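Letter by letter, the chains look like this.
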Amino acid sequence: DTAVSQTPKYLVTQMGNDKSIKCEQNLGHDTMYWYKQDSKKFLKIMFSYNNKELIINETVPNRFSPKSPDKAHLNLHINSLELGDSAVYFCASSQGLAGGPETQYFGPGTRLLVL
Amino acid sequence: GNSVTQMEGPVTLSEEAFLTINCTYTATGYPSLFWYVQYPGEGLQLLLKATKADDKGSNKGFEATYRKETTSFHLEKGSVQVSDSAVYFCALSVRGSARQLTFGSGTQLTVLP
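Because the structure is a prediction, the values reported are computed rather than measured.

*Asks:* Honestly, the overall build of chain A in this entry has me stumped. Any pointers?
*Replies:* A tally of regular secondary structure across chain A gives zero helices and 11 strands. Computed over the C-alpha atoms, the radius of gyration of chain A is 14 Å, within 12% of the 13 Å expected from 2.2 N^0.38 for a compact globule of 115 residues. Considered along the principal axes of its C-alpha atoms, chain A spans approximately 45 × 30 × 30 Å. Per-residue burial for chain A yields a buried fraction of 46% across its 115 residues. In chain A, 55% of the contacts between residues at least 6 apart in sequence involve partners at least 24 apart. In the form shown here, chain A has an accessible surface area of approximately 5600 Å², with 50% of it arising from carbon and sulfur atoms. For chain A, the centre of its 12 positive side-chain charges and the centre of its 11 negative side-chain charges are spaced 7 Å apart.

Rendered as structure tokens:
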């Protein structure tokens, strides 16, 4: 069983389009994240949700809007795609915020290419 | 703020060679430290972690010791295999920071037969 799944795995689209990436976790975790990995492999947090509530919103353009319909899902919608949005987007989840350090479980990534 | 500095790659080794990938950090608060590995075309997997000073994390022959005095968490393996070829990320998280991971820049390791 896949713990954290993302769809689609690959996404090629034109500049100016709107697209969504979906993420689902079947681990029963309370917290989910979106990370962006650029062409140099650098990873940076974008958003985090805990129990469907937004808790981290890094300096990300307003064109990016996360949506969490329930604890098991965190989707990422991107409006007016730009060339610089080309990257690999990773979803991750962890048990919660309280207590000790938490392992985050990552999805396989969505490779977005904007032409 | 929090930051992680990793040894720049790429690193190329022959099979059975000794591996060290350096990692140092700065953090506000008492961080937990992690090494994640990313195999080609895949997502990140936790390799090992340590939660307090002098803790040693270990997994699959890899080890790293949390050194508070030098703010370091260097990754080592005594004898690498071709299957260890991947990108390795050092990361930290701090209690109260919503558990976000702050990553280093990643080190590409290639092991040649």
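*Asks:* It is not clear to me how the state of the cysteines should be interpreted in this structure. Could you clarify?
*Replies:* Here is the idea: a disulfide is a covalent bond, and it sits between the sulfur atoms of two cysteines. Residues and elements named next belong to chain B. Applying the stated criterion across every chain yields a total of two disulfides over all chains. Cys23 shares a disulfide with Cys90; S-S distance 1.9 Å. Measuring handedness by torsion sign, the sulfur bridge of Cys23 and Cys90 sits at about -70° and is left-handed. Residue Cys23 is found in strand E4 (residues 23–26), and its partner Cys90 is found in strand E10 (residues 86–94); the two are separated by 67 residues along the sequence. Residue classification places Cys23 among the buried residues on the basis of a relative accessible area of 1%.

*Asks:* Would you explain the sheet that holds strand E8 (residues 73–78) of chain A in this entry?
*Replies:* Within a sheet, neighbouring strands are paired by backbone hydrogen bonds and run either parallel or antiparallel to one another. Residues and elements named next belong to chain A. Within the open sheet, the four strands sit side by side as E1-E3-E8-E7. Their pairing is antiparallel. The open sheet is flanked by strand E1 (4–7) and strand E7 (64–70), the only strands paired with a single partner. Mean inter-strand twist for the sheet, computed between neighbouring axes without regard to direction, equals 20°.

*Asks:* Would you mind showing me how to read the interface of chain B and chain A here?
*Replies:* Many descriptions give the size of an interface as the accessible area lost when the pieces come together. On the chain A side, the residues contacting the 22 residues of chain B number 26 residues. Between chain B and chain A, the buried area comes to about 1800 Å², and carbon and sulfur atoms account for 57% of it. At the junction of chain B and chain A, the tally comes to zero salt bridges. The tally of links between chain B and chain A comes to five residue pairs in polar contact (both at pLDDT 80 or more). Looking at the side of chain B that touches chain A, the elements with two or more residues in it are strand E5 (31–38), strand E6 (44–50) and E10 of chain B.

*Asks:* I keep staring at the packing of aromatic side chains and nothing clicks. Help me out?
*Replies:* The geometry of an aromatic ring pair is captured by two quantities: the separation of the ring centres and the angle between the planes. Evaluation of the coordinates by the stated rule reveals 13 aromatic pairs over all chains. The interplanar angle of 35° and the centroid separation of 6.3 Å between the aromatic rings of A:Phe64 and A:Tyr89 together place this pair among those described as tilted. In this pair, A:Phe64 is assigned in strand E7 and A:Tyr89 in strand E9 (residues 87–94), connecting sequence segments 25 residues apart. On the basis of relative accessible area, A:Tyr89 is assigned to the buried category, the value being 0%. Three or more aromatic residues link up through ring pairs in this structure, and these residues are A:Tyr33, A:Tyr35, A:Phe90, A:Phe106, B:Phe34, B:Tyr36, B:Phe89 and B:Phe103. We note B:Lys68 situated over the ring of B:Tyr30; from NZ or CZ to the ring centre the distance is 4.8 Å.

*Asks:* What should I look at first to understand the sheet that holds strand E9 (residues 75–77) of chain B in this one?
*Replies:* Residue and element names in this part refer to chain B. Ordered by their spatial adjacency, four strands build an open sheet running E3-E9-E8-E7, and the pairing between neighbours is antiparallel. On the outer flanks of this sheet lie strand E3 (19–21) and strand E7 (56–59), each paired with one strand and no other. This sheet shows a mean twist of 15° between the axes of neighbouring strands, independent of strand direction. Where E7 and strand E8 (residues 62–65) come together, four bridges link them in antiparallel fashion. Bridge pairing in E8 places Lys56 opposite Thr65.

What counts, and where the lines are drawn
Residues numbered from 1 in each chain as written. Chains lettered and ligands numbered in written order. Predicted model: local features only at pLDDT ≥ 70, side-chain atom pairs only at ≥ 80, totals over all residues. Heavy atoms only, no water. Helix = DSSP H or I, 4+ residues; strand = E, 2+ residues; numbered from the N terminus. Rg over C-alpha atoms; globule rule 2.2 N^0.38 Å. Buried < 20%, exposed > 50% of the residue type's maximum accessible area, 1.4 Å probe, protein only. Contact = heavy atoms within 4.5 Å. Areas by Shrake-Rupley, 256 points an atom, 1.4 Å probe, with all protein chains shown as cover. Lys, Arg positive; Asp, Glu negative; His and termini not counted. Charge placed at Lys NZ, Arg CZ, Asp CG, Glu CD. Disulfide = S-S within 2.5 Å. Pairing = 2+ DSSP bridges. Axes fitted to C-alpha atoms, helices over the stretch in contact; angles between N-to-C directions. Buried area = accessible area lost by both parts, 1.4 Å probe. Salt bridge = Lys/Arg side-chain N within 4 Å of Asp/Glu carboxyl O. Polar contact = N/O pair within 3.5 Å; in protein donor to acceptor, adjacent residues only side chain to side chain. Phe/Tyr/Trp six-rings, centres within 6.5 Å; stacked < 30°, edge-to-face > 60°. Lys NZ or Arg CZ within 6 Å of the ring centre and 35° of its normal.

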